[in-house]
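# Topology and contacts: notes
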Amino acid sequence: MHDHITSLYSMIRCKALIQYVYPYVSVELQSMATAFNTDVDSLQSELVQLINGGLIDGRIDAYERVFYRKQEDRRVIALQSALQVGRQSLLDME
């Protein structure tokens, strides 16, 4: 039972970290560590695991102690979508 609780706690914490950083472009690790009642080094290690695991797309500035979340370039997405529509129109015309 104890193993399940530890695993469940870890999964909940992981989800909470992801949800915390999602609305921000950047987050100071000190303020985030305070919110999660931990020290900056432990938080940084957790974030590195999430980044390496592909659960968060971002990077950490270890000197400034800031997490930067990678933003999708909406222009690129719009252009890719338009290109796909154009290609489909050409196929439909054949």
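Residues numbered from 1 in each chain as written. Predicted model: local features only at pLDDT ≥ 70, side-chain atom pairs only at ≥ 80, totals over all residues. Heavy atoms only, no water.

Counting its secondary structure elements, the chain contains four helices and three strands. Of the regular secondary structure in the chain, the N- to C-terminal order runs α-β-α-α-β-β-α. Scaling as 2.2 N^0.38, a compact globule of 94 residues should have a C-alpha radius of gyration of about 12 Å, whereas the chain reaches 19 Å, well beyond that. C-alpha atoms of the chain, sized along the principal axes, occupy 60 × 40 × 20 Å. Summing over all exposed atoms, the chain offers an accessible surface of approximately 7500 Å²; the carbon and sulfur share of this is 55%. (Helix = DSSP H or I, 4+ residues; strand = E, 2+ residues; numbered from the N terminus. Rg over C-alpha atoms; globule rule 2.2 N^0.38 Å. Areas by Shrake-Rupley, 256 points an atom, 1.4 Å probe, with all protein chains shown as cover.)

Within the largest apolar cluster, 14 residues are counted, with the highest numbers of intra-cluster contacts made by Met32, Leu43 and Leu47. Broken down by secondary-structure element, the contributors of at least two residues to this core are helix 1 (2–21), helix 2 (29–35) and helix 3 (40–52). Discounting residues that sit within four places of it in the chain, Leu47 has contacts with Leu29, Met32, Ile56, Ile60 and Phe67. (Core = buried A, V, L, I, M, F, W, Y, C linked by side-chain atoms within 4.5 Å. Buried < 20%, exposed > 50% of the residue type's maximum accessible area, 1.4 Å probe, protein only. Contact = heavy atoms within 4.5 Å.)

So, on to the environment of Leu90. Its location among the elements puts Leu90 in helix 4 (residues 74–93). With 65 residues separating them in the primary sequence, Leu90 and Val25 have C-alpha atoms 38 Å apart.

The grouping of Leu8, Met11 and Ile12 at the surface amounts to a nonpolar patch, some 310 Å² of accessible area in total. Mapping Ile12 onto the fold places it in helix 1. Taking the relative accessible area as the measure of exposure, Ile12 reaches 51% and is therefore exposed. (Patch = residues over 30% accessible without salt bridge, like charges linked within 9 Å, V, L, I, M, F, W, Y side chains within 5 Å. Salt bridge = Lys/Arg side-chain N within 4 Å of Asp/Glu carboxyl O.)

In space, the three strands of this open sheet follow the order 1-3-2, with antiparallel pairing throughout. Of all the strands in the sheet, just strand 1 (26–28) and strand 2 (58–61) have a single pairing partner and so form its edges. Taking the axes of each pair of neighbouring strands and ignoring which way they run, one obtains an average angle of 20° across the sheet. Here strand 2 pairs with strand 3 (residues 66–69) via four bridges, running antiparallel. (Pairing = 2+ DSSP bridges. Axes fitted to C-alpha atoms, helices over the stretch in contact; angles between N-to-C directions.)

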